Structure formats: structure tokens, C-alpha cells
Amino acid sequence: QLYQPGIAGFSGQLYQPRIAAEFLCEAARRLEAAVAGCDQGAARNLAMVVAFMFVVGLVTPRVVYSLLEHLAGGFSEEEVAVMYHVLKTVGPQLRASDPAGLKGLVLAVQGRAEARRGAELSHRQRTLVGIILDVKNNRWSMAQPEHQASPQVVKWVKQSGVDGVVLDAAWPDFLSGQYLSGAGGQQGGGAAEAEEEGE
């Protein structure tokens with residue numbers, strides 16, 4: 001939980017979103033490898049990196065929802081477990097920030113489960129999918145997030161200028177590294193140059 005505020009604050013103070021973007025792209029690649037290698041512990045920890053980047057304001061809800069939708073696309077036991085842990089960690093914040101996005105995710109997961117109705121799901125998959133789908137009908141209480149950044153940490157991150165370096169893109173853009181070669185990866189330099197020209 002210490003890396004994300006540090007990355008957010010450092011990127012904000014230098015006004016260099018590329019620092020945070022490179023960090024997230026690397027985390028995305030490692031998460032994909034962990035899921036492919038069935039390393040559930042590593043996959044969960046890397047997904048928590050993204051969740052905490054959202055908590056400190058470095059990424060938008062769109063990034064987290066896009067990650068969850070990406071995991072739902074594979075729908076393996078490891079992916080479903082990671083989805084559960086992410087929702088358990090930042091579910092309340094996601095719902096408060098973008099209720100429509102959460103509803104869309106739940107419906108997507110439900111559709112994926114129904115599409116595989118003829119296939120045998122493990123007990124763990126059925127349990128985790130059931131918990132995720134309970135969000136749709138408010139049967140799963142998410143009144144309190146599992147982890148919270150302290151007020152002091154949040155205040156420091158905000159004062160560092162993180163609002164100027166927030167990352168907002170679809171998960172595939174970070175996974176492929178496309179974000180770094182697009183407008184997002186050049187945001188800091190472009191903004192700085194524009195300010196210099198204005199002066």
C-alpha cells in the first residue's frame with residue numbers, strides 16, 4: 001500500500017504521468033503473466049496495486065472496471081477470484097464514483113456465467129461468482145471498504161498535484177503498452193510545453 005501513494009505523489013510533483021503509466025503498464029503485464037501461470041497470490045497482489053492506485057486518485061474508475069471486464073472475459077477460477085478481491089477492496093468507492101459502471105460489470109459477469117451454463121464450474125468459481133452477482137441486488141454489503149488510505153496519505157497525495165496526472169484509459173491500452181505511445185503517455189511533456197509557449 002506504500003508504493004501507490006509514492007508513485008502518485010512523485011508523478012504529481014514532477015507533473016509526469018508517464019512515470020505512473022510505465023508503472024501501471026508493467027503491473028498489467030505481470031498480472032497477465034500471473035493469471036496465465038495460475039499464480040493466484042501474485043495475481044491478487046498485482047490487482048491490488050491497481051485498486052490502490054484508484055484509492056489514491058491516480059487512476060479513474062474506468063481503469064478498474066476495464067481490468068475487471070478483461071478478467072471476466074477469461075473467466076478462469078483465478079480471474080474470478082481476483083475480481084472478487086478487487087471488488088471487496090474498492091467496491092464501495094467504485095459504486096460511489098460510477099454506479100452505472102458497476103452495474104454494467106455485474107451484468108457482464110452474469111452474462112458470462114450464463115453463457116457457460118453447460119460447462120462445469122468449480123465450487124470456488126460458483127461461490128465467487130455468486131458473491132459478485134449479489135452486488136446487483138444489494139445482497140452483498142459493501143458498506144465499508146476492506147482497505148482505506150489514511151486521511152494524511154490522501155491529503156499528501158492531493159497536495160502533490162496528482163489531479164494533473166490521473167490515468168484514464170482502457171485496460172488493454174496499458175497491457176499492450178499502447179498508452180505509452182499515445183497521447184496519454186505524452187501528456188506531461190505536452191502540457192509542460194504548452195505552458196512554456198503560453199508564457
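Residues numbered from 1 in each chain as written. Predicted model: local features only at pLDDT ≥ 70, side-chain atom pairs only at ≥ 80, totals over all residues. Heavy atoms only, no water.

**Student:** Where do I start with the overall build of the chain in this structure?
**Tutor:** In terms of helices and strands, the chain carries 11 helices and 0 strands. Walking the chain from its N terminus toward its C terminus, one meets helices and strands in the order α-α-α-α-α-α-α-α-α-α-α. Counting every position in the chain, which comprises 199 residues, the buried fraction comes to 45%. Contacts in the chain between residues at least 24 apart in sequence constitute 77% of all its contacts with a sequence separation of at least 6. Element-wise, carbon and sulfur atoms account for 52% of the exposed surface of the chain, whose accessible area totals about 9800 Å². (Helix = DSSP H or I, 4+ residues; strand = E, 2+ residues; numbered from the N terminus. Buried < 20%, exposed > 50% of the residue type's maximum accessible area, 1.4 Å probe, protein only. Contact = heavy atoms within 4.5 Å. Areas by Shrake-Rupley, 256 points an atom, 1.4 Å probe, with all protein chains shown as cover.)

**Student:** Looking at this structure, I do not really get the environment of R116. What am I missing?
**Tutor:** Note that R116 resides in the loop between α6 (99-115) and α7 (123-134). Separated by 41 residues in sequence, R116 and F75 have C-alpha atoms that sit 9.6 Å apart.

**Student:** I tried to follow the environment of L71 on my own but got confused; where do I start?
**Tutor:** By the element assignment, L71 lies in helix α4 (residues 61-74). Its relative accessible area of 2% is what places L71 among the buried residues. When the C-alpha atoms of L71 and V35 are compared, they prove to be 9.1 Å apart, with 36 residues separating the residues in sequence. Not counting the four nearest positions on each side in its chain, L71 is found in contact with V35, E79, V82 and M83.

**Student:** Whenever I open this one, the packing of α4 against helix α5 (residues 77-97) confuses me. Can you help?
**Tutor:** In a packed pair of helices, the relevant descriptors are the angle between the two axes and the axis-to-axis distance. Contact geometry of α4 with α5 gives a least axis separation of 10 Å together with a crossing angle of 155°. Judged on the interaxial angle alone, α5 and α4 are roughly antiparallel. The two elements α4 and α5 cross, and the hand of that crossing is left-handed. Contact residues: α4 offers P61, V64, Y65, L68, L71, A72 and G74, while α5 offers E79, V82, M83, V86, L87, L94, R95 and S97. Counted by class, the contact of α4 with α5 contains 11 nonpolar, 2 polar and 2 charged residues. (Axes fitted to C-alpha atoms, helices over the stretch in contact; angles between N-to-C directions. Parallel < 35°, antiparallel > 145°, perpendicular 65-115°, else oblique. Left-handed = near helix turned anticlockwise from the far one by under 90°. Nonpolar A, V, L, I, M, F, W, Y, C, P; charged D, E, K, R; others polar.)

**Student:** I tried to follow the nonpolar core on my own but got confused; where do I start?
**Tutor:** Burial of nonpolar side chains together is a common tendency in soluble globular proteins. With 57 residues, the main nonpolar core has L24, V109, L167, W171 and F174 as its most contacted residues. The element that contributes the greatest number of residues to this core is helix α3 (residues 40-55), accounting for 10 residues. What F174 contacts, discounting residues up to four positions off in sequence, is L24, C25, A28, V63, L167, A169 and Y179. (Core = buried A, V, L, I, M, F, W, Y, C linked by side-chain atoms within 4.5 Å.)

**Student:** How should the packing of aromatic side chains be read in this particular structure?
**Tutor:** The geometry of an aromatic ring pair comes down to the distance between the two centres and the angle between the two planes. In total, this model carries 2 aromatic pairs according to the counting rule given. Their ring planes at 55° and their centres at 6.5 Å tell us that W171 and F174 sit as a pair that is tilted. Of the two residues, W171 and F174 are both situated in helix α9 (residues 171-176); the distance of 3 residues between them amounts to about one turn of the helix. With relative accessibility at 0%, the residue F174 sits in the buried group. (Phe/Tyr/Trp six-rings, centres within 6.5 Å; stacked < 30°, edge-to-face > 60°.)

**Student:** Quick question: what am I supposed to make of the confidence of the model for the chain here?
**Tutor:** Reading predicted coordinates in detail is not appropriate for stretches of low pLDDT. Per-chain confidence: the chain averages 75 in pLDDT, with 68% of residues scoring 70 or above. For the chain, the element scoring lowest by mean pLDDT is helix α11 (residues 187-198), at 38; α9 scores highest, at 95. This model gives residues 1-15 a pLDDT under 50, and the stretch forms 38 contacts once residues within four places in sequence are excluded. When the criterion is pLDDT under 50, residues 186-199 qualifies, and its contacts beyond four places in sequence or with other chains add up to 10 contacts. (pLDDT = per-residue confidence, 0-100.)

**Student:** Got a minute to help me understand the side chain of T60 in this structure?
**Tutor:** By the element assignment, T60 lies in the loop between α3 and α4. A distance of 2.9 Å separates a polar atom in the side chain of T60 from a polar atom in the side chain of D168. (Polar contact = N/O pair within 3.5 Å; in protein donor to acceptor, adjacent residues only side chain to side chain.)

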